[in-house]
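# Residue-level structure breakdown
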Amino acid sequence: MARYEFSVSVVPQYVAEQSNPDEDEYLFAYTVTVRNTGEVAAKLLSRHWIITDADGDVEEVRGDGVVGEQPVLRPGEAFQYTSGCPLTTPVGSMKGTYHCVAEDGTRFDATVPEFILSMPRVLH
């Protein structure tokens, strides 16, 4: 077991009622679970997202915390939140990094594995 480690899992979902494909507006929600799989309590300080649409356009988003919070997770604890991402294409992807600091001051990053945002019936 790593001393400093957060594991991250994501479940994306297309939000049809808030999308307008005729206007190239596609909204996706994603639910993230961040779990402290390390040995030391730590705080999630900030996020860095890399969002890519089907045209290959890339947007980077940086900010403090997640959904307005900077959760402190003790070993074994998890924090879950849901957020959203608008795209101008029916398919895209997201990946990123959470920057964290352990209670002893050690800084580390938690990787958010790439996940696909897709309107149903677009990918086969």
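About the thresholds
Residues numbered from 1 in each chain as written. Predicted model: local features only at pLDDT ≥ 70, side-chain atom pairs only at ≥ 80, totals over all residues. Heavy atoms only, no water. Helix = DSSP H or I, 4+ residues; strand = E, 2+ residues; numbered from the N terminus. Pairing = 2+ DSSP bridges. Axes fitted to C-alpha atoms, helices over the stretch in contact; angles between N-to-C directions. Phe/Tyr/Trp six-rings, centres within 6.5 Å; stacked < 30°, edge-to-face > 60°. 1 Å grid on protein atoms, 1.4 Å probe; cavity = no way out; pocket = protein on both sides within 12 Å on 5 of 7 lines; lining within 4 Å. Points joined across faces, edges and corners; volume = space filled by probe spheres on them. Nonpolar A, V, L, I, M, F, W, Y, C, P; charged D, E, K, R; others polar. Core = buried A, V, L, I, M, F, W, Y, C linked by side-chain atoms within 4.5 Å. Buried < 20%, exposed > 50% of the residue type's maximum accessible area, 1.4 Å probe, protein only. Contact = heavy atoms within 4.5 Å. Patch = residues over 30% accessible without salt bridge, like charges linked within 9 Å, V, L, I, M, F, W, Y side chains within 5 Å. Areas by Shrake-Rupley, 256 points an atom, 1.4 Å probe, with all protein chains shown as cover. Salt bridge = Lys/Arg side-chain N within 4 Å of Asp/Glu carboxyl O. Lys, Arg positive; Asp, Glu negative; His and termini not counted. Charge placed at Lys NZ, Arg CZ, Asp CG, Glu CD.

Turning our attention to unusual backbone geometry. Residue D24 is not a glycine yet carries a positive backbone phi of 55°. Positionally, D24 belongs in the loop between strand 1 (6–14) and strand 2 (26–36). At V67, a position not held by glycine, the phi torsion is positive, near 40°. With respect to the helices and strands, V67 occurs in the loop between strand 4 (58–64) and strand 5 (72–73).

Right, let's talk about the sheet that holds strand 6 (residues 78–87) for a bit. Consider a sheet: its strands pair through backbone hydrogen bonds, and that pairing is either parallel or antiparallel. Across the sheet, which stays open at both edges, the three strands sit in the order 1-2-6 with antiparallel pairing between neighbours. Edge positions in the sheet fall to strand 1 and strand 6, since each of these pairs with one other strand and no more. Along the sheet, successive strands turn relative to each other by an average axial angle of 20°, direction set aside. Pairing analysis gives nine bridges linking strand 1 to strand 2, with the strands arranged antiparallel. Opposite Y14, over in strand 2, you have F28 as the bridge partner.

Scanning the model with the defined rule gives eight aromatic pairs in all. Summarising the aromatic geometry, the rings of Y4 and F108 are spaced 6.0 Å apart at their centres and angled 35° between planes, so their arrangement reads as tilted. With a gap of 104 residues between them, Y4 in the segment before strand 1 and F108 in strand 8 (residues 107–118) connect regions that are remote in the sequence. The interplanar angle of 55° and the centroid separation of 5.4 Å between the aromatic rings of Y14 and F28 together place this pair among those described as tilted. Of this pair, Y14 sits in strand 1 while F28 sits in strand 2, placing them 14 residues apart in sequence.

Right, let's talk about the layout of surface pockets for a bit. Of the pockets and cavities examined, the largest pocket occupies roughly 180 Å³. In terms of lining residues, the largest pocket is bounded by 14 residues, among which Y30, W49, V61, S83 and G84 are the most central. Those elements that place two or more of their residues in the lining of the largest pocket are strand 3 (42–53), strand 4 and strand 6. Looking at which element gives the most residues to the lining of the largest pocket, the answer is strand 6, with five residues. When the residues that make up the lining of the largest pocket are grouped by side-chain class, the tally is ten nonpolar, two polar and two charged.

Quick look at the nonpolar core now. Among the nonpolar cores identified, the biggest contains 29 residues, and F6, Y30, V32, W49, M94, Y98 and F115 are the most heavily contacted of them. Contributions of two or more residues to this core are made by strand 1, strand 2, strand 3, strand 6, strand 7 (91–102) and strand 8. In this structure, M94 is in contact with Y30, W49, I50, I51, C85, P113, E114, F115 and L117, ignoring residues within four places of it in sequence.

Let us now look at a negative patch on the surface. Residues D22, E23, D24, E25, D55 and D57 make up a contiguous surface patch of negative charge. Looking at the secondary structure, you find D57 in the loop between strand 3 and strand 4. Accessibility expressed as a relative area gives 48% for D57, which makes it partly exposed.

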